[in-house]
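Fold and contact review
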Amino acid sequence: MPGSKAYQRAESKRQVELDKALRELVMGSQVAQEPGETAFYFMTRKGKLRRMELTPEQAKRLEDGELGVVERPDPAQIEHALVPAAAAEQMFALSKKAVRFLNRKDSPIGFMNDEELKAQQAAEAAGTAPEVSDEPEAEAAPEAPPAEAEASAETAKPEGGENPG
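A short tour of the structure in this document, coming up. This is a predicted model, so every value here is computed, not measured. All residue numbers refer to position in the chain's written sequence, counted from 1. Residue-level local features of this predicted model are given only where pLDDT is at least 70; pairs of side-chain atoms are given and counted only at 80 or more, and the full residue set underlies all totals for whole chains, interfaces and linings. Hydrogens are left out, water is left out, and the side-chain values use all remaining heavy atoms of the structure.

**Notes on the sheet that holds strand β3 (residues 67-73)**
We apply this condition: We treat two strands as partners when DSSP finds at least two bridges between them. Runs of E in the DSSP output that reach at least two residues are strands. Runs of H or I that reach at least four are helices, and both are numbered from the N terminus. In this analysis an axis means a line fitted to C-alpha atoms, helices contributing only their contacting stretch, and an angle means the value between N-to-C directions, from 0 to 180 degrees.
In spatial order, the strands read β4-β3-β5; together these three strands make up an open sheet with antiparallel pairing. The open sheet terminates on both sides in strands that have one partner only, identified here as β4 (78-84) and β5 (99-102). The average undirected angle you get between the axes of adjacent strands in this sheet is 20 degrees. The pairing of β3 with β5 spans three bridges and is antiparallel.

Below is the structure:
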């Protein structure tokens, strides 16, 4: 029965096993981040913007859907990592929350356009950014998630007026 101690223990065990499976998938396929001048934005499950400083090549691979940004559930915290698209798809099948950005052709995960990125940055700066929930109601209707949850990341956009040539 939900709410009973046995149910809570079973749920806790299931979550620990899921985290272990996700962590092993990330560790086995993780792509080393190559620090560079391109800022790539994505949104955490708490609705906060995070950025990775990547090389233009890695940023392009994210844009092209070859790589994804996923959560790596470490015992004390959640870190973010780059993985090949196939590994991100496997993680998405296990836990929709674990994939923070994957540019799939049919249904991109965590994509945010320039306007949405600027609005999110301004809201965070002003302290008015809403907490985005990845709770079951978003998973129950994946075709129509809330706008905030759908707009979760930005494809590689250089900061400043950098000239890509």
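**Concerning the packing of aromatic side chains**
Short version of the rule: Centres within 6.5 Å are what make two rings of Phe, Tyr or Trp a pair, Trp counting through its six-membered ring; a difference in plane orientation under 30 degrees is then read as stacked, over 60 as edge-to-face, and the rest as tilted. Summary of the burial criterion: residues with accessible area below 20% of their type's maximum are buried, those above 50% are exposed, and those between are partly exposed, where the area comes from a 1.4 Å probe applied to protein chains only. Geometrically, a charge over a ring is one whose NZ (Lys) or CZ (Arg) sits within 6 Å of the ring centre while staying within 35 degrees of the ring normal.
Tallying each qualifying case throughout the model produces one aromatic pair. Measuring from ring centre to ring centre gives 5.0 Å for Phe40 and Phe101, while their planes differ by 80 degrees; the resulting arrangement is edge-to-face. Placement of the pair is Phe40 in strand β1 (residues 38-43) and Phe101 in strand β5, with a sequence separation of 61 residues. As far as burial versus exposure is concerned, Phe40 and Phe101 are alike and both buried. The ring of Phe92 has Lys96 lying over it, and the distance from NZ or CZ to the ring centre is 5.1 Å.

**Thoughts on the nonpolar core**
The following threshold applies: As used here, the term nonpolar core means buried Ala, Val, Leu, Ile, Met, Phe, Trp, Tyr and Cys residues forming a set that is joined through side-chain atoms within 4.5 Å.
Val26, Val70, Val83, Met91, Val99 and Leu102 are the most contacted members of the largest nonpolar core, which has 15 residues in total. Mapped by element, the contributors of at least two residues to this core are α1 (5-29), β4, α3 (85-94) and β5. Ranked by residue count, the leading element in this core is α3, at five residues. The next biggest cluster of nonpolar side chains, apart from the first, holds ten residues, and it includes Val31, Phe40, Phe42 and Leu62.

**Thoughts on the pairing of β3**
Both faces of the sheet carry side chains from a regular strand, because those side chains alternate between them. Taking burial as the measure, the seven residues of β3 include seven buried ones, the bulk of the element. Alternating positions in β3 separate into two faces, Leu67, Val69, Glu71 and Pro73 on one and Gly68, Val70 and Arg72 on the other, with burial throughout. Bridge count between β3 and β4: seven bridges; the pairing is antiparallel. Paired with Val70 across the two strands is Ala81, which belongs to β4. Joining the antiparallel neighbours β3 and β4 is a turn of four residues.

**Thoughts on the pattern of salt bridges**
Quick reminder of the rule: Note on definitions: salt bridges are taken to be side-chain nitrogens of Lys or Arg within 4 Å of carboxyl oxygens of Asp or Glu.
Counting across every chain of the model gives seven salt bridges. In this structure, Arg72 engages Asp74 in a salt bridge whose closest nitrogen and oxygen atoms are separated by 3.1 Å. Relative accessible area serves as the criterion here: at 21%, Asp74 is assigned to the partly exposed category. With a shortest N-O distance of 3.1 Å, Arg104 and Glu89 are connected by a salt bridge. One end of the pair, Arg104, is in the loop between β5 and α4 (114-126); the other, Glu89, is in helix α3, and 15 residues separate them in sequence.

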